[in-house]
Amino acid sequence: MIDGPYFVLAVLGVLGTGLAAGVFCAFSTFVMQGLAALPPAQGVAAMNAINTAAVRPAFMLVFLGTTVVSAVIAVVTFVLWPDEGAVELLLGSALYLFGSFGVTAAANVPRNTALLGLEPGSAEAAGRWPAYVREWTAWNHVRTGASAAAAVAYVLALA
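Residues numbered from 1 in each chain as written. Predicted model: local features only at pLDDT ≥ 70, side-chain atom pairs only at ≥ 80, totals over all residues. Heavy atoms only, no water.

1. Let's talk about helix H3 (residues 57-80)
For H3, with 24 residues, the first-to-last C-alpha span of 32 Å sits near the 34 Å given by 1.5 Å per residue. Every buried residue of H3 is listed here: Phe63, Thr66, Thr67, Val69, Ser70, Ile73, Ala74 and Thr77. Elements that come into contact with the buried residues of H3 comprise helix H1 (5-36), helix H4 (86-116) and helix H5 (123-158). (Helix = DSSP H or I, 4+ residues; strand = E, 2+ residues; numbered from the N terminus. Expected span 1.5 Å × (residues − 1). Buried < 20%, exposed > 50% of the residue type's maximum accessible area, 1.4 Å probe, protein only. Contact = heavy atoms within 4.5 Å.)

Encoded structure:
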């Protein structure tokens, strides 16, 4: 079993990745379905409001804090290479850094930015809304799975 700073980092990793997975899972399983059921103007307006509200300290602490913890775990593991749990620690870090943070930056945020630029009641917004929901949700499924798998990897490092 790992101990010392690795133990603390791995516990923080489990907590952060698990919380992120829960948020992403909620969006994938019911929030986006609820928004998709709204008329496009209301769905676009609601999603823009959600995206604006998400960039607040509570969620950013979980999302970006877990990104920092995952990066620290990866660097410390590469530099010190512990006798136990190294593969699991690196796997958990890679899953979160690429599958959650990376996907967010490369896929979800650009879609959010484009949506924010649309007038909710416009014909353009109505035309783009179904594709936005479908694509955003598909990428969110990736974030959900990657975050959950990262949590499992960090738990296995603790075992």
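Moving on, there is more to tell.
2. Quick look at the packing of aromatic side chains
Considering all chains together, one arrives at 7 aromatic pairs under this definition. Centroid distance Phe24 to Phe63: 6.3 Å. Interplanar angle 80°. Geometry classified as edge-to-face. Here Phe63 lies in helix H3 and Phe24 lies in helix H1, a separation of 39 residues in the sequence. Side by side, Phe24 and Phe63 carry an identical accessibility label, which is buried. Here the aromatic rings of Phe27 and Trp136 are separated by 5.8 Å at their centres, their planes lie at 55°, and the arrangement is tilted. One end of the pair, Phe27, is in helix H1; the other, Trp136, is in helix H5, and 109 residues separate them in sequence. For the pair Phe27 and Trp136, a shared accessibility class is recorded, and that class is buried. Feature note: the residues Phe24, Phe59, Phe63, Tyr96 and Phe101 constitute an aromatic cluster, connected by ring pairs. (Phe/Tyr/Trp six-rings, centres within 6.5 Å; stacked < 30°, edge-to-face > 60°.)

3. Details of unusual backbone geometry
You will see that Trp81, though not glycine, has its phi angle at about 35°, which is positive. Mapped onto the secondary structure, Trp81 falls in the loop between H3 and H4.

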